Amino acid sequence: EDDQFLSSLLKSRLLKEGFEVFLAKDGEEALAFLKTTAPDLILLDIILPKKSGFELMEEMRSNPQLREAPIIIVSNLGQPEDVTKSKGLGAVEYFVKAKTSIDDLVEEIKEHRYDTKQHSQTPRPTNRPRLPQRRHSRPPRQPFEHSSRR
């Protein structure tokens, strides 16, 4: 995520929930990080500087070490062809920022389940928190909105 406000807010919420978080401000930085680390989950924007989310996913899918990493797209792009392309490149979920609240996104991340057969090639580090295996009902929340002050 290249938006500083959103990435700061999301990082703060995920840290509060006990997750280890790494932020990349562009696609090249993300790819360099992914080549040295096997994260439990990748949150990816499509519109990024230097290398788009689509380009990043294409490179990940061509690399056997990165191919199985689960990706959740969080983007302002919401056209059906963007969703279809993302899913075709391996995204497991797709959320449009303007239609998804931070609270709902954090809950989705917490509730995300791994297909152990599919991801058995990528071992989980034991020092990282596992995603909770619980589901609970919650009231619908309003999408988050922010103004970019630059």
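Structure's up top.
To keep things clear, this report deals only with the structure shown in the data block. (Residues numbered from 1 in each chain as written. Predicted model: local features only at pLDDT ≥ 70, side-chain atom pairs only at ≥ 80, totals over all residues. Heavy atoms only, no water.)

A closer look at the nonpolar core
- Residues Ile42, Leu44, Met57, Met60, Ile71 and Ile73 are the most contacted members of the largest nonpolar core, which totals 20 residues.
- At the level of elements, α2 (27–34), β1 (42–44), α3 (53–61), β2 (71–75) and β3 (91–96) are the ones that each hand at least two residues to this core.
- Among the elements that line this core, the one with the most residues is α3, at 4 residues.
- In this view, Met57 contacts Leu44, Ile46, Ile71, Ile73, Ser86, Leu89 and Ala91; residues no more than four positions away in its chain are not counted.
- Ranked by size, the runner-up nonpolar core spans 12 residues in total, among them Phe19, Ile72, Ile102 and Val106. (Core = buried A, V, L, I, M, F, W, Y, C linked by side-chain atoms within 4.5 Å. Buried < 20%, exposed > 50% of the residue type's maximum accessible area, 1.4 Å probe, protein only. Helix = DSSP H or I, 4+ residues; strand = E, 2+ residues; numbered from the N terminus. Contact = heavy atoms within 4.5 Å.)

So, the packing of helix α1 (residues 4–16) against helix α5 (residues 102–111)
- Contact pair α1 / α5: the axes reach a minimum separation of 11 Å and the direction vectors enclose 50°. Considered as vectors, α1 and α5 are oriented oblique to each other. The element α1 and its partner α5 pack so that their crossing is right-handed. In contact with Leu6, Leu9, Leu10, Arg13 and Leu14 of α1, α5 contributes Ile102, Asp103, Leu105, Val106 and Ile109.
- By residue class, the composition of the contact of α1 with α5 is 8 nonpolar, no polar and 2 charged. (Axes fitted to C-alpha atoms, helices over the stretch in contact; angles between N-to-C directions. Parallel < 35°, antiparallel > 145°, perpendicular 65-115°, else oblique. Left-handed = near helix turned anticlockwise from the far one by under 90°. Nonpolar A, V, L, I, M, F, W, Y, C, P; charged D, E, K, R; others polar.)

Notes on the pairing of β2
- Within β2, 5 of the 5 residues are buried, which leaves it mostly tucked inside the rest of the structure.
- Along β2, one buried face is formed by Ile71, Ile73 and Ser75 and the opposite face, lined by Ile72 and Val74, is buried too.
- As paired strands, β1 and β2 are joined by 3 bridges and run parallel to one another. Bridging from a neighbouring strand, Leu43 pairs with Ile72 of β2.
- Note on the crossover from β1 through α3 to β2: the handedness is right-handed.
- Of the strand pairs in this sheet, β2 and β3 are connected by 5 bridges, and their pairing is parallel. Note on β3: the bridge partner recorded for Ser75 is Val96. (Pairing = 2+ DSSP bridges. Right-handed = clockwise from strand over helix to strand, strands pointing away.)

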